[in-house]
Amino acid sequence: MPLLARGSSLVRNLFRREQVDQDLDAEIRSYFDTLVEEKLAAGMPPDEARRAAAIEVGGVEQVKERVRETRAGALLESLLKDLRYGLRTLAKNPGFTAAAVVTLGLGIGANTAIFSVVNGVLLSPLAGRDPDRLVLLWESTKDMPEISVSYPNYLDWRQRTHSFEDIAVFNNWEQFTMTGQGDPEQVQGGLASGNLFTVFGVEPTAGRLLGPGDDRPEADPVAVISHEFWQNRFGADRRTVGRTIVLDGNPYTIVGVMPANFRMIRSEVLIPLGRFTNTPRFARVNHGLIGIGRLKPNVTIDQMLADLGGVARQLQSDYPVENAGIGATGEPLKERMVGGIRQPLRVLAVAVGLVLLVACANVANLLLSRAAARQHEFALRVAIGAGRRRVVRQLITESLILAVAGGVLGLGLAWAGVKLLVTLRPDNVPRLLDIHVDATVLAFALGLSLATGLLFGLAPALQLSRSEPILALQEGGGRTGGGRARRRVSSGLTVAEVAMALVLLVGAGLLFRSFVKLTHVDPGFDPRNVTAAKVSLPERDYPDDARRQIAFRELLRRVRALPQARDSALTTDLPISAGWQTGVTFEGLPPVSPGSEPLLNAVIVSPEYFRTMRIKLLAGRGIEAADTKEQPQVVVVSESVAKRLGGRHALGQRMKQGGAGMESPWLTIVGIVADVRNDGLRTASRGTMYFPDGQVVPSSAWLTVRSETPLAQLLPLLRRETAAIDRNLPLANITTLDEALDLTLAAEKFSLLMLGIFAALALVLAAVGIYGVIAYSVVQRSQEIGVRIALGAQRGELLGLVVGQAMRLTGIGIVIGAAAAFGAGRFIASLLFEVESTDPFVFTAAALLLALVALISAAFPALRAAQTDPRDVLLHET
């Protein structure tokens, strides 16, 4: 703090216009009082004396203004001279200038890039009118805090709540087969209530958006498309509005295009849900919608939650079977969108801040060394009349030139980094397309550059402000006195660099160790060599279970006949995703209160599924072709479900979907398989129940094929076999299970990659800093080293002397950094998996790595010192 206070005072005193104005004002007041006294002594009445004095002082005010203008012009001319001199001086030292600018560019660039992400994701508002009043709404049960919304419950929310201007619902998970536009194509679709865009408060890019009139069952079938889909599929042609597209065999007229910055809905095509509300999927017991509400002005989140909770309790009373245990809740939409990335971004913001501080310390060390070499120059300038403040200002000006040049380089690096990030499209970064280098980011980069210039320019400026020019001229280079002080400051900066580098290394090491443990978690299946593609059967062409079952079985038959396919199966959800969840009741277990039923993942699979996925059969049997609708209904459960029923004793027991009072068929457990981590690798499975596709026939499913043939060669074969069944059936969402599993680790990879880059950068900068300090120390102690050699010192002793100095600084930095990392570890604890934030292995490895880098960095100047010829040194000194 004393250093910062002194530096702040130094910077303030460089430009003393306020002090000049105060001095002139004091002189004018004194002159006015003198004039009044003279006129009173001459017999003039007091009022006339003051008026006459004021007239004369008015002329002085004009003089004062001229003095101000003259001083301002002189100050501007002086600053331009400093700027020109600084540019010439830096141009004469291209090596030093390049090192400083690149170092600062890396630090400023990293900070600007991360700020671009923070600004785009966390700080910039969402699209639409008053986006801070938008809240995401959902229902809940005791075991599941978030479930989708039932359409009848949504209608009751709109009628009975008082906190909202309006509430709308939509979903993002429809799959539409689009035909009539060339080859059949599966598009990401959604259903929406007609008031959705009114609630969001957005305007269309072209045409119009959905309105309340589109929700009527008898209304004309219309659709709106996303801006990205409009660009990619229709070339951003405004004549797209009014065209007809065929979705699942039904024609829809495109009436509008969503705005470009509206990314709160992932659907490529949205159609009104009012056309389907009379179907069973929209009964009160079925939950499949997302709620979005706009709060009334001044309504708080707590008031909204109390309002929703009260209505949910009323609905439980009104519908004791359908709404048993069903609650309602919500949170701000923006918090929901960005909450998961907030902590990783905070960690990265702190990390890049440390990188910038390391860069500043490095450049400050460079400037200290350069100031030492220029001390004779500065002392001479002071001796011939240049004020000390002028010389300090010159140093600050040169620092600002370096900082601005580093800021320009950093801005370029940040722009490239942001473009790369958007191109890579990491799945865990929300609002990715809102991230760009805009005016706010430019202002941040400029401010950061100026602040950085002042920060790293303070050390040499303060050092010079304490030096005596006469002593500097007498010493001819300042290797004593001031040199020792400079070495202390330089050593302190090096210790700080080492400490901050260790904090970043520990953080990166903890994330790496956590990531390794996460990748070694057994997912419960073998993802290698498995290709998956989504197949959806349009209801218009496949209106009943019989036709859908024939189509799926024929597809499997054809795919199995391929010599490239080792195994193949159908499943409604891949084993890496939770998919459909349902509450269950176990026969023979004590009944639970309504709404508190255990919640399990539910999947419909074909008989070959467990073999294709390499999921172990632990007891009983798997799904078989004989499990048809004519046979007793059966189910296969995972190990964690069986444990609720006594392990292997679960075989033969019965369970059903829903609560005890729900009219759903009892299912006999015929097999037990291993758990799969379909809730994520971090989370133990809640348990899964597998239904035979012969008894519960889906309308869409994943075709999974285990094959050693590369995807590029296998995919045309799969498309050929699918088209042989129905040429209007596309394959969608094509992926491999390796890729799909890899995507579940996107958040961990992003944090690890970013923090790893920053830690490596800090390590390199710390190594350069250690090298610079030791090299400078060797130059400053060259006379001492020459005398030691002349008196018989061995080379090994000199090596130990120089390297020992480096290792002492490194050791102090490691101790300080370890203490800081110990406290900072809790900051990233939420990002870790099965690793303690105080993991001794990581701390030890980081310290040893830093010590090794320091040893290597110190070895080069140490070897040069050991090879010193004492005669050259002593002759030079004399």
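The model shown is predicted, which means the values in this text are computed figures rather than measured ones. (Residues numbered from 1 in each chain as written. Predicted model: local features only at pLDDT ≥ 70, side-chain atom pairs only at ≥ 80, totals over all residues. Heavy atoms only, no water.)

Asker: Which residues make up the overall build of the protein, and what are the values?
Answerer: Along the protein, the regular secondary structure elements total 24 helices and 23 strands. For the protein, the residues scored as buried account for 51% of the 878 residues in total. Long-range pairs, those at least 24 residues apart, make up 81% of the contacts in the protein with a sequence separation of at least 6. Of the roughly 40200 Å² of accessible surface on the protein, a fraction of 57% belongs to carbon and sulfur atoms. (Helix = DSSP H or I, 4+ residues; strand = E, 2+ residues; numbered from the N terminus. Buried < 20%, exposed > 50% of the residue type's maximum accessible area, 1.4 Å probe, protein only. Contact = heavy atoms within 4.5 Å. Areas by Shrake-Rupley, 256 points an atom, 1.4 Å probe, with all protein chains shown as cover.)

Asker: Any details on helix 18 (residues 711-725)? Residues and values, ideally.
Answerer: An ideal rise of 1.5 Å per residue puts 21 Å on 15 residues; helix 18 measures up with 21 Å between its terminal C-alpha atoms. For helix 18, the complete set of buried residues consists of Leu714, Leu715, Leu717, Leu718, Glu721 and Thr722. Close packing links the buried residues of helix 18 with strand 13 (530-536), helix 15 (545-560), strand 22 (700-706) and strand 23 (732-736). (Expected span 1.5 Å × (residues − 1).)

Asker: Kindly report on the pairing of strand 5 (residues 185-192), identifying the contributing residues and their values.
Answerer: For a regular strand, the rule is simple: side chains alternate between the two faces of the sheet. Burial within strand 5 is extensive, with six of its eight residues counted as buried. Connecting strand 4 (residues 174-179) to the antiparallel partner strand 5 that follows it, the hairpin turn spans five residues, and Gly180 within it adopts a positive phi of roughly 85°. By the bridge criterion, four bridges tie strand 5 to strand 10 (residues 269-272) in an arrangement that is parallel. Counterpart to Leu191 in the pairing with strand 10 is Ile271. (Pairing = 2+ DSSP bridges.)

Asker: Lay out the packing of helix 5 (residues 151-160) against helix 8 (residues 301-318) with the relevant residues and their values.
Answerer: In contact at an axis separation of 10 Å, helix 5 and helix 8 are set at 125° when each is read in the N-to-C sense. Our classification of the angle between helix 5 and helix 8 gives oblique. Helix-helix and strand crossings are classified by hand; for helix 5 and helix 8 the assignment is right-handed. Contact with helix 5, carried on its side by Asn153, Asp156, Trp157 and Arg160, involves Leu308, Val311, Gln314, Leu315 and Asp318 of helix 8 and no other residues of that element. Among the residues forming the contact of helix 5 with helix 8, the class breakdown is four nonpolar, two polar and three charged. (Axes fitted to C-alpha atoms, helices over the stretch in contact; angles between N-to-C directions. Parallel < 35°, antiparallel > 145°, perpendicular 65-115°, else oblique. Left-handed = near helix turned anticlockwise from the far one by under 90°. Nonpolar A, V, L, I, M, F, W, Y, C, P; charged D, E, K, R; others polar.)

Asker: Before we move on, can you summarise helix 8 with the specific residues and values?
Answerer: Taking 1.5 Å as the rise per residue, helix 8 with 18 residues should run 26 Å; its terminal C-alpha atoms sit 26 Å apart, in good agreement. Along its buried surface, helix 8 packs onto strand 1 (134-140), helix 5, strand 3 (164-170), strand 11 (287-295) and strand 12 (327-332).

Asker: Give me the nonpolar core: which residues, what numbers.
Answerer: If you look at the biggest cluster of nonpolar residues, it comprises 95 residues, and the most contacted ones within it are Val121, Ile615, Tyr690 and Phe758. Element by element, the count of residues in this core is highest for helix 20 (residues 746-780), at 14 residues. Here Phe758 is in contact with Ala110, Ile114, Leu348, Ala351, Val352, Val355 and Leu504, once residues within four sequence places are set aside. If you look at the next biggest cluster of nonpolar residues, it comprises 36 residues, including Val135, Leu137, Leu191 and Ala206. (Core = buried A, V, L, I, M, F, W, Y, C linked by side-chain atoms within 4.5 Å.)

Asker: With reference to specific residues and values, describe the pattern of salt bridges.
Answerer: It is possible for side chains bearing opposite charge to pair when their charged atoms get close. What the rule picks out here adds up to 34 salt bridges. The partner of Arg621 in a salt bridge is Asp627, with the nearest N and O atoms 3.0 Å apart. On the accessibility criterion, Asp627 (5% relative accessible area) is buried. One continuous salt-bridge network, built from bridges that share partners, spans Glu554, Arg557, Arg558, Arg720 and Glu721. (Salt bridge = Lys/Arg side-chain N within 4 Å of Asp/Glu carboxyl O.)

Asker: An account of the environment of Phe750 is requested, with residue identities and associated values reported.
Answerer: With respect to the secondary-structure elements, Phe750 resides in helix 20. Using a relative accessible area of 7% as the deciding quantity, one classes Phe750 as buried. For Phe750 and Val429, which are 321 residues apart along the polypeptide, the C-alpha to C-alpha distance reads 8.8 Å.

Asker: Kindly report on unusual backbone geometry, identifying the contributing residues and their values.
Answerer: Phi at Arg614 takes a positive value of approximately 60°, unusual for a residue other than glycine. Structurally, Arg614 is set in the loop between helix 16 (609-613) and strand 17 (617-620). By relative accessible area, which is 31% here, Arg614 ends up partly exposed. Positive phi values are uncommon outside glycine, yet Glu834 reaches one of about 55°. Residue placement: Glu834 occurs in the loop between helix 22 (795-824) and helix 23 (840-866). The class for Glu834 is exposed, based on a relative accessible area of 59%.

Asker: Describe in detail a nonpolar patch on the surface, supporting the description with residues and values.
Answerer: A cluster of nonpolar side chains, contributed by Tyr771, Leu852, Leu855, Ile856 and Phe860, occupies part of the molecular surface with about 460 Å² of accessible area. Inspection of the secondary structure assignment puts Ile856 in helix 23. Relative accessible area serves as the criterion here: at 46%, Ile856 is assigned to the partly exposed category. (Patch = residues over 30% accessible without salt bridge, like charges linked within 9 Å, V, L, I, M, F, W, Y side chains within 5 Å.)

Asker: Which residues make up the side chain of Gln175, and what values go with them?
Answerer: On the secondary structure map, Gln175 appears in strand 4. Relative accessible area serves as the criterion here: at 16%, Gln175 is assigned to the buried category. Side chain to side chain, Gln175 and Gln188 meet in a polar contact 3.2 Å long. When residues no more than four places from it in sequence are discounted, the contact partners of Gln175 are Gln186, Val187, Gln188, Asp248, Lys534, Ser536 and Asn733. (Polar contact = N/O pair within 3.5 Å; in protein donor to acceptor, adjacent residues only side chain to side chain.)

Asker: Explain the pairing of strand 20 (residues 667-673) residue by residue, including any values.
Answerer: Here strand 20 lies mainly inside the structure; six of its seven residues are buried. Sheet analysis places strand 17 next to strand 20, joined by three bridges and oriented antiparallel. When the sheet's bridge partners are listed, Leu617 is paired in strand 20 with Val673. Where strand 18 (residues 634-638) meets strand 20, five bridges bridge the pair, whose relative direction is parallel. When the sheet's bridge partners are listed, Val637 is paired in strand 20 with Ile672. Both strand 19 (residues 654-657) and strand 20 contribute to a ladder of two bridges, which runs antiparallel.

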